[in-house]
Amino acid sequence: MFGSPLPTSTLASCSLVVLAFAGCAVPAREASWPTAQAPVQARLGDEASIVQQPICVGARSWSAGSLGETVLYRTRRIGRKIAVGYFVYWSEERPYGSNAVSYLVVPALAMDAVYSHFLYLFPGIKDALYGPGDIEGVQIEYEQRADGSLRVIDGRADDGNHTPVLLSHDDLVDSKGRVVLLTDVWSHQLGTHGAASFADTPGHDLKCYAKSAIQPMTEQIASAFRLGNERHPLRGTPAWIEPESPRDGLPEAQVAAAKARAAHQ
């Protein structure tokens with residue numbers, strides 16, 4: 001006889017161990033995010049306007065990982081409107097920062113030991129499942145003015161629960177005319193409301209991108225970082241969304257809760 005089947009909990013534990021060891025097999029630097037010093041061809045038409053529009057990224061509290069030197073984009077024109085999907089890169093995603101998981105210590109250490117870095121030394125389950133680094137996406141819809149400059153209409157991203165969030169013009173555009181994206185979670189999703197007012201408040205740090213620091217997404221980069229494509233998005237999903245898809249299906253309770261958090265932070 002072969003004996004009794006293994007309990008479900010045991011099978012789940014074994015699966016996690018297998019994935020963790022699979023993560024060990026992933027080279028720590030198997031892909032390189034483009035640098036701002038990399039040669040960039042002169043941009044024409046819509047792309048010339050896009051690289052002139054500064055994009056800034058801020059965080060309400062510290063989290064692990066360093067922002068990349070560039071933000072990558074994909075674009076689609078719809079009449080006078082231009083939908084731009086931005087991909088923002090962090091060097092790593094680890095469960096440390098101003099959050100309940102970190103405050104409890106043990107859960108953060110346990111997650112980091114398996115999900116982020118197996119035994120704290122090797123790539124972990126995240127790298128095996130999703131690829132290197134942490135890439136978050138946001139889509140901004142612009143209207144092009146007569147002089148070629150861009151006016152932000154609205155945008156959409158994910159919150160820390162991967163729930164879609166609609167971002168208004170007032171959320172996104174600060175007093176200097178920059179598009180500002182904001183995260184408030186260790187996993188770096190960019191669906192936090194109030195980014196513009198955050199940028200306009202003295203003492204808040206931002207990393208800003210323009211010109212050579214804003215570069216087009218390529219098939220090679222999408223493949224190296226396992227981002228998928230517009231038909232099968234795998235990472236940075238909001239940046240892949242078809243711009244014609246409905247923009248009014250967001251849960252009202254979720255949006256209200258996010259705005260309430262922003263008002264009290």
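Going along each chain's sequence as written, the residues are numbered from 1 onward. The model is predicted, so local features are restricted to residues of pLDDT at least 70 and side-chain atom pairs to those at 80 or more, both for listing and for counting; the totals for chains, interfaces and linings are taken over all residues. With hydrogens and water set aside, each side-chain value is computed from the structure's full complement of heavy atoms.

Draft legend 1. Broad picture of the pairing of strand 3 (residues 81-90). Exposure categories follow from relative accessible area, calculated using a 1.4 Å probe and restricted to protein chains: below 20% of the type maximum is buried, above 50% is exposed, and the middle band is partly exposed. The helix and strand labels rest on DSSP assignments: H or I over at least four residues marks a helix, E over at least two residues marks a strand, and numbering proceeds from the N terminus. For strand 3, a buried count of nine out of ten residues is recorded, marking the element as mostly surrounded by other parts of the structure. Here strand 2 (residues 67-78) runs beside strand 3; their pairing, made up of nine bridges, is antiparallel. From the neighbouring strand, T75 faces strand 3, where its bridge partner is V84. Linking strand 2 to strand 3, which pair antiparallel, is a turn of two residues; within it G79 sits at a positive phi near 65°. A strand pair is defined by DSSP finding two or more bridges across the two strands.

Draft legend 2. Quick look at the state of the cysteines. Disulfides are defined in this document as cysteine sulfur pairs within 2.5 Å. All told, the structure shown has one disulfide when counted by the stated rule. Disulfide pairing places C56 opposite C208 at an S-S distance of 2.1 Å. Classification of the bridge connecting C56 and C208 rests on its S-S torsion, roughly 105°, and on that basis the disulfide is right-handed. Pair noted here: C56 is in strand 1 (residues 55-59) and C208 is in strand 10 (residues 207-209), with a separation of 152 residues, a long-range link. Exposure remark for C208: the relative accessible area of 39% places this residue in the partly exposed category.

Draft legend 3. Region of interest: the sheet that holds strand 11 (residues 214-216). Taken together, the six strands give an open sheet; going across it, the order is 8-7-6-3-2-11, and neighbouring strands pair in mixed fashion. Edge positions in the sheet fall to strand 8 (164-168) and strand 11, since each has one partner strand and no second. Neighbouring strand axes in the sheet, compared pairwise and without regard to direction, differ in orientation by 30° on average. In the sheet, strand 7 (residues 150-158) pairs with strand 8 via five bridges, with the strands oriented antiparallel. Within strand 8, the residue paired with A157 across the bridge is V165. What counts as an axis is a line fitted to C-alpha atoms, over the stretch in contact for a helix, and the angles between N-to-C directions run from 0 to 180 degrees.

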